[in-house]
Amino acid sequence: MHCVPQPAENAQWLPPLADAYCTYAADWTATKLRWGLTVDKAEAAALRKLAEGCGQQDVEYVPAPENGTSA
């Protein structure tokens, strides 16, 4: 069974493989950007720490539709 982290746990949870950290950080950031979600202090600190080892990792996202429907 795969454990999906809850929002409060995102700042502490990491993928089991270190090789996935940069992709995880980029996906986490893209989700926040796509949906216009806020980042708390713990999340911001965790993202900064992850980003330090990622070089020039691109974050790609498509903004969510304004009316809340899927594209």
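The present account deals with the structure reproduced in this document.

The rules behind each value
- Residues numbered from 1 in each chain as written.
- Predicted model: local features only at pLDDT ≥ 70, side-chain atom pairs only at ≥ 80, totals over all residues.
- Heavy atoms only, no water.
- Helix = DSSP H or I, 4+ residues; strand = E, 2+ residues; numbered from the N terminus.
- Contact = heavy atoms within 4.5 Å.
- Areas by Shrake-Rupley, 256 points an atom, 1.4 Å probe, with all protein chains shown as cover.
- Disulfide = S-S within 2.5 Å.
- Buried < 20%, exposed > 50% of the residue type's maximum accessible area, 1.4 Å probe, protein only.
- Patch = residues over 30% accessible without salt bridge, like charges linked within 9 Å, V, L, I, M, F, W, Y side chains within 5 Å.
- Salt bridge = Lys/Arg side-chain N within 4 Å of Asp/Glu carboxyl O.
- 1 Å grid on protein atoms, 1.4 Å probe; cavity = no way out; pocket = protein on both sides within 12 Å on 5 of 7 lines; lining within 4 Å.
- Points joined across faces, edges and corners; volume = space filled by probe spheres on them.
- Nonpolar A, V, L, I, M, F, W, Y, C, P; charged D, E, K, R; others polar.
- Axes fitted to C-alpha atoms, helices over the stretch in contact; angles between N-to-C directions.
- Parallel < 35°, antiparallel > 145°, perpendicular 65-115°, else oblique.
- Left-handed = near helix turned anticlockwise from the far one by under 90°.

### A look at the overall build of the chain
No. 1: Scanning the chain from terminus to terminus reveals two helices and zero strands.
No. 2: Relative to all contacts within the chain whose residues are 6 or more apart in sequence, the contacts with residues 24 or more apart total 54%.
No. 3: If you sum the accessible surface of the chain, you get close to 5,700 Å²; carbon and sulfur atoms cover 56% of it.

### Digging into the state of the cysteines
No. 1: Scanning the model with the defined rule gives one disulfide in all.
No. 2: Between the sulfur atoms of Cys22 and its disulfide mate Cys54 the distance is 2.1 Å. Looking down the S-S bond of the Cys22 and Cys54 bridge, the torsion is -100°, so its handedness is left-handed. One end of the pair, Cys22, is in helix α1 (residues 21-35); the other, Cys54, is in the segment after α2 (41-52), with 32 residues separating them in the sequence. The same class applies to Cys22 as to Cys54, namely buried.

### Focus: a nonpolar patch on the surface
No. 1: Taken together, the side chains of Leu33, Val59 and Tyr61 present a nonpolar region at the surface, about 250 Å² in accessible area.
No. 2: Mapped onto the secondary structure, Leu33 falls in helix α1.
No. 3: For Leu33, a relative accessible area of 42% puts it in the partly exposed group.

### Comments concerning the layout of surface pockets
Where empty space is left becomes clear once a probe the size of a water molecule has been rolled over the atoms.
No. 1: In this structure, the largest pocket occupies an estimated 200 Å³ of space.
No. 2: What lines the largest pocket is a set of 13 residues, and nearest its centre among them are Ala25, Thr29, Leu47, Ala51 and Val59.
No. 3: Every element with two or more residues in the lining of the largest pocket is listed here: α1 and α2.
No. 4: No other element matches α1, which puts six residues into the lining of the largest pocket.
No. 5: Among the residues making up the lining of the largest pocket, the classes are represented as nine nonpolar, three polar and one charged.

### Description of the packing of α1 against α2
No. 1: With their axes 9 Å apart at the nearest point, α1 and α2 run at an angle of 140° to one another. The angle between the axes of α1 and α2 places the two elements in the oblique class. Classified by chirality, the crossing of α2 by α1 is left-handed. Between α1 and α2, the contacting residues are Tyr21, Tyr24, Ala25, Trp28, Thr29 and Lys32 on the first element and Glu43, Ala46, Leu47 and Leu50 on the second.
No. 2: When grouped by side-chain class, the residues that make up the contact of α1 with α2 number seven nonpolar, one polar and two charged.

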